[in-house]
Amino acid sequence: MTSDLILKYFPDITPVQQEQFARLQELYTFWNNQINVISRKDIDLLYERHVLHSLGIAKVMPFMPGETVLDVGTGGGFPGIPLAILFPETSFHLVDSIGKKIKVVNEVAAALGLKNVRGTHARAEEIKEKFDFVVSRAVTQLKDFYPWVKGKFIKSTTNKLASGILYLKGGDLTQEIAESGLAVQQFYLKDYFEEDFFDTKQVIYVKG
(Lines give C-alpha, C1' and ligand atoms only; values in the text may rest on other atoms or scores of the structure.)
Protein backbone atom coordinates (compact mmCIF):
# COMPACT_ATOMS: atom_id res chain seq x y z
CA MET A 1 0.00 0.00 0.00
CA THR A 2 1.49 3.34 -1.07
CA SER A 3 0.87 7.05 -0.64
CA ASP A 4 -1.27 6.91 -3.81
CA LEU A 5 -4.09 6.08 -1.41
CA ILE A 6 -3.88 9.65 -0.10
CA LEU A 7 -4.04 11.06 -3.63
CA LYS A 8 -7.19 9.02 -4.24
CA TYR A 9 -9.09 11.00 -1.60
CA PHE A 10 -7.15 14.27 -1.67
CA PRO A 11 -6.44 14.80 -5.40
CA ASP A 12 -5.69 18.51 -5.04
CA ILE A 13 -2.56 18.19 -2.90
CA THR A 14 0.59 19.85 -4.22
CA PRO A 15 3.70 18.02 -5.47
CA VAL A 16 5.45 19.02 -2.22
CA GLN A 17 2.66 17.48 -0.17
CA GLN A 18 2.71 14.35 -2.34
CA GLU A 19 6.42 13.96 -1.66
CA GLN A 20 5.95 14.53 2.09
CA PHE A 21 3.23 11.88 2.28
CA ALA A 22 5.37 9.49 0.20
CA ARG A 23 8.27 9.84 2.66
CA LEU A 24 6.19 8.83 5.67
CA GLN A 25 6.62 5.10 5.00
CA GLU A 26 10.42 5.31 5.01
CA LEU A 27 10.53 7.62 8.04
CA TYR A 28 8.12 5.64 10.21
CA THR A 29 9.69 2.32 9.25
CA PHE A 30 13.07 3.70 10.38
CA TRP A 31 11.81 5.21 13.64
CA ASN A 32 9.56 2.28 14.44
CA ASN A 33 12.64 0.06 14.46
CA GLN A 34 14.20 2.35 17.08
CA ILE A 35 11.13 3.24 19.13
CA ASN A 36 7.93 1.24 18.78
CA VAL A 37 5.27 3.85 17.99
CA ILE A 38 3.14 1.80 15.60
CA SER A 39 2.09 -1.83 15.89
CA ARG A 40 4.59 -3.94 13.94
CA LYS A 41 1.79 -5.58 11.99
CA ASP A 42 0.44 -2.16 10.96
CA ILE A 43 3.60 -0.64 9.52
CA ASP A 44 2.87 -2.09 6.06
CA LEU A 45 -0.64 -0.63 6.30
CA LEU A 46 0.62 2.78 7.41
CA TYR A 47 -1.24 4.75 4.74
CA GLU A 48 -4.63 3.18 5.40
CA ARG A 49 -4.62 2.67 9.17
CA HIS A 50 -2.65 5.70 10.29
CA VAL A 51 -2.27 8.37 7.59
CA LEU A 52 -5.67 8.22 5.87
CA HIS A 53 -7.36 7.48 9.20
CA SER A 54 -5.84 10.68 10.58
CA LEU A 55 -7.03 12.60 7.52
CA GLY A 56 -10.60 11.55 8.26
CA ILE A 57 -10.63 14.64 10.47
CA ALA A 58 -9.87 16.76 7.39
CA LYS A 59 -13.00 15.44 5.65
CA VAL A 60 -15.08 16.60 8.61
CA MET A 61 -13.20 19.83 9.35
CA PRO A 62 -10.88 21.48 6.81
CA PHE A 63 -8.69 23.69 9.01
CA MET A 64 -8.16 27.30 8.00
CA PRO A 65 -4.91 29.29 7.66
CA GLY A 66 -3.89 30.77 10.99
CA GLU A 67 -5.88 28.32 13.10
CA THR A 68 -4.21 26.43 15.93
CA VAL A 69 -4.71 22.74 16.70
CA LEU A 70 -3.64 20.72 19.75
CA ASP A 71 -3.06 16.98 19.22
CA VAL A 72 -3.38 15.22 22.59
CA GLY A 73 -1.65 11.86 23.09
CA THR A 74 -0.17 12.05 19.60
CA GLY A 75 2.07 9.00 20.02
CA GLY A 76 4.37 9.07 17.01
CA GLY A 77 2.44 11.90 15.38
CA PHE A 78 -1.09 10.78 14.57
CA PRO A 79 -3.31 12.48 13.64
CA GLY A 80 -1.12 15.60 13.87
CA ILE A 81 1.62 14.93 11.30
CA PRO A 82 -0.67 13.97 8.37
CA LEU A 83 -2.95 16.92 9.17
CA ALA A 84 0.03 19.28 9.33
CA ILE A 85 1.13 18.13 5.86
CA LEU A 86 -2.36 18.73 4.50
CA PHE A 87 -2.80 22.13 6.18
CA PRO A 88 0.62 23.84 6.02
CA GLU A 89 -0.79 27.21 7.09
CA THR A 90 -2.37 25.82 10.26
CA SER A 91 -0.25 25.48 13.42
CA PHE A 92 -0.16 22.10 15.17
CA HIS A 93 1.05 21.48 18.72
CA LEU A 94 1.55 17.74 19.32
CA VAL A 95 1.82 16.57 22.92
CA ASP A 96 2.41 13.20 24.53
CA SER A 97 3.35 12.13 28.04
CA ILE A 98 5.99 9.73 26.66
CA GLY A 99 9.15 11.60 25.71
CA LYS A 100 10.55 9.10 23.22
CA LYS A 101 7.36 9.34 21.15
CA ILE A 102 7.72 13.11 20.96
CA LYS A 103 11.31 12.58 19.79
CA VAL A 104 9.86 10.69 16.81
CA VAL A 105 7.36 13.51 16.16
CA ASN A 106 10.07 16.16 16.11
CA GLU A 107 12.45 14.06 13.99
CA VAL A 108 9.75 13.28 11.40
CA ALA A 109 8.60 16.91 11.28
CA ALA A 110 12.21 18.08 10.79
CA ALA A 111 12.87 15.50 8.07
CA LEU A 112 9.77 16.65 6.18
CA GLY A 113 10.51 20.34 6.67
CA LEU A 114 7.24 20.94 8.50
CA LYS A 115 7.47 24.44 9.98
CA ASN A 116 3.95 24.27 11.42
CA VAL A 117 4.56 21.42 13.89
CA ARG A 118 5.74 21.66 17.48
CA GLY A 119 6.14 18.57 19.65
CA THR A 120 6.11 18.79 23.44
CA HIS A 121 6.70 16.12 26.07
CA ALA A 122 3.82 16.94 28.42
CA ARG A 123 0.43 15.89 29.67
CA ALA A 124 -2.50 17.73 28.11
CA GLU A 125 -3.40 19.32 31.45
CA GLU A 126 0.00 21.02 31.57
CA ILE A 127 -0.56 22.94 28.32
CA LYS A 128 -1.75 26.45 29.17
CA GLU A 129 -2.38 27.83 25.67
CA LYS A 130 -5.78 27.97 23.98
CA PHE A 131 -6.52 26.47 20.57
CA ASP A 132 -9.15 26.55 17.86
CA PHE A 133 -9.44 22.75 17.88
CA VAL A 134 -8.23 19.73 19.81
CA VAL A 135 -7.68 16.48 17.91
CA SER A 136 -6.87 13.02 19.20
CA ARG A 137 -7.06 9.36 18.28
CA ALA A 138 -8.68 6.97 20.76
CA VAL A 139 -6.50 7.92 23.72
CA THR A 140 -9.13 7.19 26.36
CA GLN A 141 -12.86 7.28 27.09
CA LEU A 142 -14.59 10.52 26.15
CA LYS A 143 -15.68 11.17 29.75
CA ASP A 144 -12.03 11.04 30.85
CA PHE A 145 -10.67 12.94 27.86
CA TYR A 146 -12.92 15.97 28.03
CA PRO A 147 -11.69 17.27 31.42
CA TRP A 148 -8.10 17.26 30.13
CA VAL A 149 -8.91 19.85 27.45
CA LYS A 150 -11.88 21.74 28.88
CA GLY A 151 -11.13 25.45 28.85
CA LYS A 152 -8.43 25.19 26.18
CA PHE A 153 -10.52 26.63 23.34
CA ILE A 154 -10.42 29.93 21.48
CA LYS A 155 -14.05 30.89 20.94
CA SER A 156 -13.65 33.15 17.91
CA THR A 157 -13.17 30.67 15.06
CA THR A 158 -15.04 31.37 11.82
CA ASN A 159 -14.73 27.77 10.64
CA LYS A 160 -17.81 25.69 9.78
CA LEU A 161 -17.87 24.12 13.25
CA ALA A 162 -17.29 26.05 16.45
CA SER A 163 -14.03 25.46 18.34
CA GLY A 164 -14.02 22.03 19.92
CA ILE A 165 -12.77 18.45 19.94
CA LEU A 166 -12.42 16.24 16.87
CA TYR A 167 -11.81 12.75 18.23
CA LEU A 168 -11.11 9.63 16.14
CA LYS A 169 -12.87 6.61 17.63
CA GLY A 170 -14.09 3.19 16.48
CA GLY A 171 -16.80 0.67 17.25
CA ASP A 172 -20.17 1.13 18.96
CA LEU A 173 -19.88 4.34 20.96
CA THR A 174 -23.45 4.49 22.29
CA GLN A 175 -22.54 3.71 25.89
CA GLU A 176 -19.34 5.77 25.89
CA ILE A 177 -21.18 8.85 24.60
CA ALA A 178 -24.00 8.36 27.12
CA GLU A 179 -21.54 8.03 30.01
CA SER A 180 -19.72 11.21 28.95
CA GLY A 181 -22.88 13.32 29.29
CA LEU A 182 -21.63 15.40 26.35
CA ALA A 183 -23.55 16.62 23.32
CA VAL A 184 -21.72 15.15 20.35
CA GLN A 185 -21.95 14.95 16.58
CA GLN A 186 -20.87 11.70 14.95
CA PHE A 187 -19.30 11.63 11.50
CA TYR A 188 -18.86 8.17 9.96
CA LEU A 189 -15.67 7.70 7.96
CA LYS A 190 -17.31 5.05 5.75
CA ASP A 191 -19.17 8.03 4.21
CA TYR A 192 -15.81 9.37 2.98
CA PHE A 193 -13.55 6.32 2.50
CA GLU A 194 -14.50 3.02 0.85
CA GLU A 195 -11.90 0.71 2.47
CA ASP A 196 -13.35 -1.86 4.90
CA PHE A 197 -11.09 -0.59 7.70
CA PHE A 198 -13.29 2.50 7.99
CA ASP A 199 -16.61 0.68 8.40
CA THR A 200 -16.73 1.27 12.16
CA LYS A 201 -14.52 4.39 12.39
CA GLN A 202 -15.91 7.78 13.36
CA VAL A 203 -14.93 11.35 14.09
CA ILE A 204 -16.67 12.55 17.23
CA TYR A 205 -17.15 16.31 17.48
CA VAL A 206 -17.73 18.02 20.83
CA LYS A 207 -18.11 21.78 21.00
CA GLY A 208 -15.48 23.37 23.24
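Not measured: the values here are computed from a predicted model. (Residues numbered from 1 in each chain as written. Predicted model: local features only at pLDDT ≥ 70, side-chain atom pairs only at ≥ 80, totals over all residues. Heavy atoms only, no water.)

**Student:** Can you lay out the overall build of the protein for me, pointing to particular residues and giving the numbers?
**Tutor:** Looking only at helices and strands, the protein features 7 helices and 7 strands. Taken from N to C terminus, the helices and strands of the protein fall in the order α-α-α-β-α-β-α-β-β-α-β-α-β-β. Over its C-alpha atoms the protein spans a radius of gyration of 16 Å, differing by no more than 12% from the 17 Å that the globule rule assigns to 208 residues. Counting only C-alpha atoms and orienting by the principal axes, one finds that the protein spans roughly 40 × 35 × 30 Å. Going through the 208 residues of the protein one by one, you find that 53% of them count as buried. (Helix = DSSP H or I, 4+ residues; strand = E, 2+ residues; numbered from the N terminus. Rg over C-alpha atoms; globule rule 2.2 N^0.38 Å. Buried < 20%, exposed > 50% of the residue type's maximum accessible area, 1.4 Å probe, protein only.)

**Student:** Got a sec to walk through the nonpolar core? Specific residues and values, please.
**Tutor:** Grouped together as the largest cluster of nonpolar side chains are 54 residues, with contacts concentrated most on L24, Y28, F63, I81 and L166. No other element matches the 8 residues that helix α3 (residues 46-60) contributes to this core. Counting 20 residues, the second largest nonpolar core, distinct from the first, contains F145, I165, L182 and I204. (Core = buried A, V, L, I, M, F, W, Y, C linked by side-chain atoms within 4.5 Å.)

**Student:** Provide a residue-level description of unusual backbone geometry, including the pertinent values.
**Tutor:** The step from F78 to P79 runs through a cis peptide bond, and the omega angle for that step is 10°. Looking at the element boundaries, P79 is found in the loop between β1 (68-72) and α4 (80-86).

**Student:** How would you explain the side chain of N116 if you had to name every residue and give the values?
**Tutor:** By secondary structure assignment, the location of N116 is in the loop between α5 (99-112) and β3 (117-121). Judged by its relative accessible area of 11%, N116 falls in the buried class. A distance of 3.1 Å separates a polar side-chain atom of N116 from the backbone oxygen of A84. (Polar contact = N/O pair within 3.5 Å; in protein donor to acceptor, adjacent residues only side chain to side chain.)

**Student:** A description of helix α2 (residues 15-34) should follow, citing residues and the corresponding values.
**Tutor:** The end-to-end C-alpha distance of α2, which contains 20 residues, comes to 29 Å, matching closely the 28 Å that a straight helix rising 1.5 Å per residue would cover. Helix geometry: α2 is bent most strongly at L24, by close to 30°. Of the surrounding elements, those touching the buried residues of α2 are α1 (4-9), α3, α4 and α5. (Expected span 1.5 Å × (residues − 1). Bend = angle between axes of the 7 residues up to and from the residue. Contact = heavy atoms within 4.5 Å.)

**Student:** Tell me about the environment of T158, residues and numbers included.
**Tutor:** Here T158 is to be found in the loop between α6 (142-149) and β5 (164-170). Remark: the alpha-carbon pair of T158 and V203, spanning 45 residues in sequence, is separated by 20 Å.

**Student:** For the packing of α2 against α5, give the residues involved together with the corresponding values.
**Tutor:** At a minimum axis distance of 10 Å, the contact between α2 and α5 shows a crossing angle of 140°. The interaxial crossing formed by α2 with α5 has right-handed handedness. Contacts between α2 and α5 involve Q20, R23, L24, L27, Y28 and W31 from the former and K103, V104, E107, V108, A111 and L112 from the latter. (Axes fitted to C-alpha atoms, helices over the stretch in contact; angles between N-to-C directions. Left-handed = near helix turned anticlockwise from the far one by under 90°.)

**Student:** Any chance you could break down the packing of aromatic side chains for me, citing the residues and the numbers?
**Tutor:** In the structure shown here, the tally under the stated rule is 10 aromatic pairs. Taking 5.1 Å as the distance between ring centres and 85° as the angle between the ring planes, the aromatic pair formed by F30 and W31 counts as edge-to-face. The partly exposed category is assigned to F30, whose relative accessible area is 44%. Where F145 meets W148, the ring centres are 5.8 Å apart and the plane angle is 55°; that geometry is what we call tilted. Of this pair, F145 and W148 are both found in helix α6, 3 residues apart, which corresponds to roughly one turn of the helix. An aromatic cluster of at least three residues, connected via ring pairs, comprises Y9, F193, F197 and F198. Taking NZ or CZ as reference, K59 lies 4.4 Å from the ring centre of F10, over its face. Residue placement shows K201 over the ring face of F197; its charged tip is 4.2 Å from the ring centre. (Phe/Tyr/Trp six-rings, centres within 6.5 Å; stacked < 30°, edge-to-face > 60°. Lys NZ or Arg CZ within 6 Å of the ring centre and 35° of its normal.)

**Student:** Give me the lowdown on the packing of α2 against α3, citing residues and values where you can.
**Tutor:** Running from N to C, α2 and α3 point in directions that differ by 125°, and their axes come no closer than 11 Å. In terms of axis orientation, α2 runs oblique to α3. Regarding α2 and α3, the two cross each other, and that crossing is right-handed. Contact with α2, carried on its side by F21, A22, R23, L24, Q25 and Y28, involves L46, Y47, V51 and L55 of α3 and no other residues of that element. Class assignment for the residues of the contact of α2 with α3 results in 8 nonpolar, 1 polar and 1 charged. (Parallel < 35°, antiparallel > 145°, perpendicular 65-115°, else oblique. Nonpolar A, V, L, I, M, F, W, Y, C, P; charged D, E, K, R; others polar.)

From the geometry alone we can't say anything about function, so treat these as descriptive.
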